[in-house]
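If you want the building blocks of each chain, they are given just below.
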Amino acid sequence: MKILSVVGARPNFMKIAPFNRVIEEYNKTAKEKIKHVLVHTGQHYDSSLSQSFFSALNIPDADVNLHIGSGSHAEQVGNTMITFEKLIKVLKPDWVVVVGDVNATLACSVTAKKEHIKVCHIEAGLRSGDMRMPEEINRLVTDRLSDLLLTPDKMSSENLRKEGVDESKIKFVGNIMIDTLEANKDVAAALSFEDILRDNAMNRIYKKPVDSYALMTMHRPSNVDHKEVLIPLIDFLLNEVAKDQPLIWPMHPRAEKQLKEFQLWDTVFKHPNIILLKPLGYHPMLKLNMGAKIMLTDSGGLQEECTILGTPCLTLRWNTERPITLRKYGGASVLVGNEIEKIRAAYHEMLTLEVKPQRPELWDGHTAERCLQAILEASK
Ligand code: UD1
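Residues numbered from 1 in each chain as written. Predicted model: local features only at pLDDT ≥ 70, side-chain atom pairs only at ≥ 80, totals over all residues. Heavy atoms only, no water.

(A) Representation of the sheet that holds strand β13 (residues 333-335) within the structure. Here we have six strands laid out as an open sheet, ordered β10-β9-β8-β11-β12-β13, and parallel in their pairing. Each edge of the open sheet is held by one strand with a lone partner, namely β10 (274-277) and β13. Here the strands of the sheet are splayed against their neighbours by 20 degrees on average, with no regard to which way each runs. Pairing between strand β8 (residues 214-217) and strand β11 (residues 294-297): four bridges, direction parallel. Paired with threonine 217 across the strands is threonine 297, a residue of β11. The sheet contacts of helix α10 (residues 227-244) involve β8, β9 (247-250), β10 and β11, and relative to β9 the element is tilted by about 145 degrees. (Pairing = 2+ DSSP bridges. Helix = DSSP H or I, 4+ residues; strand = E, 2+ residues; numbered from the N terminus. Axes fitted to C-alpha atoms, helices over the stretch in contact; angles between N-to-C directions. Contact = heavy atoms within 4.5 Å.)

The structure is reproduced here in structure tokens:
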């Protein structure tokens, strides 16, 4: 059997690492080995967003890189489809495996399906209900086309049933990101906090002792692309959060670009209690999350990691495709959108909370094994 797996952007890499590893394990004893081809569309190309994750998570170099790079959504998706179509016509895999919800996920599932190749979606069934999010469109189209839909939680399976997906295609396997977290948490814990701040410093090497800190990340277009949203948010971060404690902020390229565009960059850069870092590798980010008093983020993956680690998390969004990470469903996060009153109230409440790790069903570090098993069964 030939499986072609696709990755394109940062959040895909931690999902493909455990899947690649279980195929390697399977091949050690299997009579009929699986030929695994790893394709990187090249949507993320900076080493800090891409290659550093391959090295840190022991993912072999991609067999093929499509070098799509940056561009508008139509450019990224269109260019990926054109190049990927040529590739699969030659390689003729039995399955194309896509993960998550980035532009590569959409482009490659559509292209594979038109070539009559079976598509398996890992992390299927997530729904934010927000059609203004490009990721929601990617999720909907990918799931509509997939032959095998592997879900991280039962709510996601239920979403698919409501949309009329045939029961035989849905399999609840758990959260594959947590396989990576479990496999890497000891390595992360052993890192030095001071080394992380020094090696990744962007605005200054912070010299004062840090015994409590807030951690934040932000990259969603809904937060960073609009001046009227970004200005009050930055004001709150600078004048309230960073007043209480140091605020550590690994910077996403999109956020940096927008802060510069709206003339906010210098103020953020010069603030004495804001520690700007370059985009972090997997282990340093995990280490910082393990020690944070509070997380402020618009990243879906971090919401999930906060659930397992127990870090109180303010999700800077109005909705989430991952409700299982919310406190009301047993997780560690609350939705606060980008309205300052709401953020402020939740921030002060969450600051009083203890770290309380949670473990949703099947977020047990063995999801990749169940994913491969499901593909093998669906191939019979
Ligand atoms: C993408 C994903 C999003 C994911 C995020 C994680 C889609 C629709 N969005 O959003 O789901 O949460 O990645 O990072 O697929 N850039 C660089 N270097 C790179 C890559 C991009 O500087 O290696 C710049 C681009 O020029 C662009 C910006 O970063 O200006 C955004 O990149 P893009 O891939 O368009 O989307 P993300 O916002 O990263």
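(B) Expanded view of the packing of aromatic side chains. A complete count under the given rule lists five aromatic pairs for this structure. Every member of this aromatic cluster is reached through a ring pair, and the members are Phe13, Phe53 and Phe54. Positioned above the aromatic ring of tryptophan 265 is the side chain of lysine 260, whose terminal nitrogen or guanidinium carbon lies 4.8 Å from the ring centre. (Phe/Tyr/Trp six-rings, centres within 6.5 Å; stacked < 30°, edge-to-face > 60°. Lys NZ or Arg CZ within 6 Å of the ring centre and 35° of its normal.)

(C) Representation of the domain arrangement of the protein in the model. Splitting the protein by domain gives domain 1 (2-175 + 363-378) and domain 2 (183-351). Spacing between the C-alpha centres of domain 1 and domain 2 amounts to 27 Å. Of the residues lining the interface, 23 residues belong to domain 1; the matching set on domain 2 comes to 21 residues. Surface buried jointly by domain 1 and domain 2 totals about 1,800 Å² across both partners, of which 62% is contributed by carbon and sulfur atoms. There are three salt bridges connecting domain 1 and domain 2. Among the salt bridges present, the one from glutamate 135 reaches arginine 220, with a minimum N-O distance of 3.1 Å. At the boundary of domain 1 with domain 2, the tally comes to five residue pairs in polar contact (both at pLDDT 80 or more). If you list the elements that add at least two residues to the side of domain 1 that touches domain 2, you get α1 (10-29), α2 (51-56) and α5 (134-145). Among the residues forming the side of domain 1 that touches domain 2, the class breakdown is nine nonpolar, five polar and nine charged. (Domains from an automatic or database assignment. Buried area = accessible area lost by both parts, 1.4 Å probe. Salt bridge = Lys/Arg side-chain N within 4 Å of Asp/Glu carboxyl O. Polar contact = N/O pair within 3.5 Å; in protein donor to acceptor, adjacent residues only side chain to side chain. Nonpolar A, V, L, I, M, F, W, Y, C, P; charged D, E, K, R; others polar.)

(D) Region of the structure containing α1. Maximal helix bending in α1 amounts to about 30 degrees, located at isoleucine 16; proline proline 18 follows within four positions. Inspection of α1 places Asn12, Phe13, Met14, Lys15, Ile16, Ala17, Pro18, Phe19, Asn20, Val22, Ile23 and Asn27 among the buried residues, and these make up the whole buried set. (Bend = angle between axes of the 7 residues up to and from the residue. Buried < 20%, exposed > 50% of the residue type's maximum accessible area, 1.4 Å probe, protein only.)

(E) Fine view of the site of the ligand. Close to the ligand lie 19 residues, the nearest being Tyr45, Asp46, Ser70, Glu135 and Arg254. Contact between the ligand and aspartate 46: an oxygen atom at 2.7 Å from a main-chain N or O atom of the residue. Within the backbone of asparagine 103, one N or O atom sits 2.9 Å away from an oxygen atom of the ligand. When the ligand is considered free in solution it has 750 Å² of accessible area, and contact with the protein chains removes 88% of it. Elements with a minimum of two residues in the shell around the ligand: α1, α3 (73-91) and α11 (253-261). Counted by class, the shell around the ligand contains five nonpolar, eight polar and six charged residues. (Near = heavy atom within 4 Å. Areas by Shrake-Rupley, 256 points an atom, 1.4 Å probe, with all protein chains shown as cover.)

(F) Looking closely at unusual backbone geometry. Phi at asparagine 58 takes a positive value of approximately 55 degrees, unusual for a residue other than glycine. Within the secondary structure, asparagine 58 sits in the loop between α2 and β3 (64-65). By relative accessible area, asparagine 58 is classed as exposed at 67%. Even without glycine at this site, histidine 67 takes up a positive phi of about 50 degrees. As for its position among the elements, histidine 67 is in the loop between β3 and α3.

(G) Quick look at the pairing of β8. Alternating positions in β8 separate into two faces, Ala214 and Met216 on one and Leu215 and Thr217 on the other, with burial throughout. When β8 meets β9, the two strands line up parallel, connected through two bridges. Its bridge partner lying in β9, alanine 214 is registered against leucine 247.

(H) Up close: the packing of helix α7 (residues 176-189) against helix α13 (residues 282-291). Relative to each other, α7 and α13 sit at 80 degrees, their axes nearing to 9 Å. With respect to each other, α7 and α13 are oriented roughly perpendicular. Judged by residue contacts, Met177, Thr180, Leu181, Asn184, Lys185, Val187, Ala188 and Ala189 of α7 engage Tyr282, His283, Leu286, Lys287 and Met290 from α13. Classifying every residue of the contact of α7 with α13 by side-chain character gives eight nonpolar, three polar and two charged. (Parallel < 35°, antiparallel > 145°, perpendicular 65-115°, else oblique.)

(I) Quick peek at the packing of α13 against helix α14 (residues 300-309). Put simply, α13 and α14 touch, their axes get as near as 10 Å, and they point 50 degrees apart. As judged from the angle between their axes, α13 and α14 are oblique. As for the relative orientation of α13 and α14, their crossing is right-handed in sense. Facing Tyr282, Met285, Leu286, Asn289 and Met290 of α13, the residues of α14 in contact are Leu302, Glu305, Cys306 and Leu309. Across the contact of α13 with α14, the residue classes tally to seven nonpolar, one polar and one charged. (Left-handed = near helix turned anticlockwise from the far one by under 90°.)

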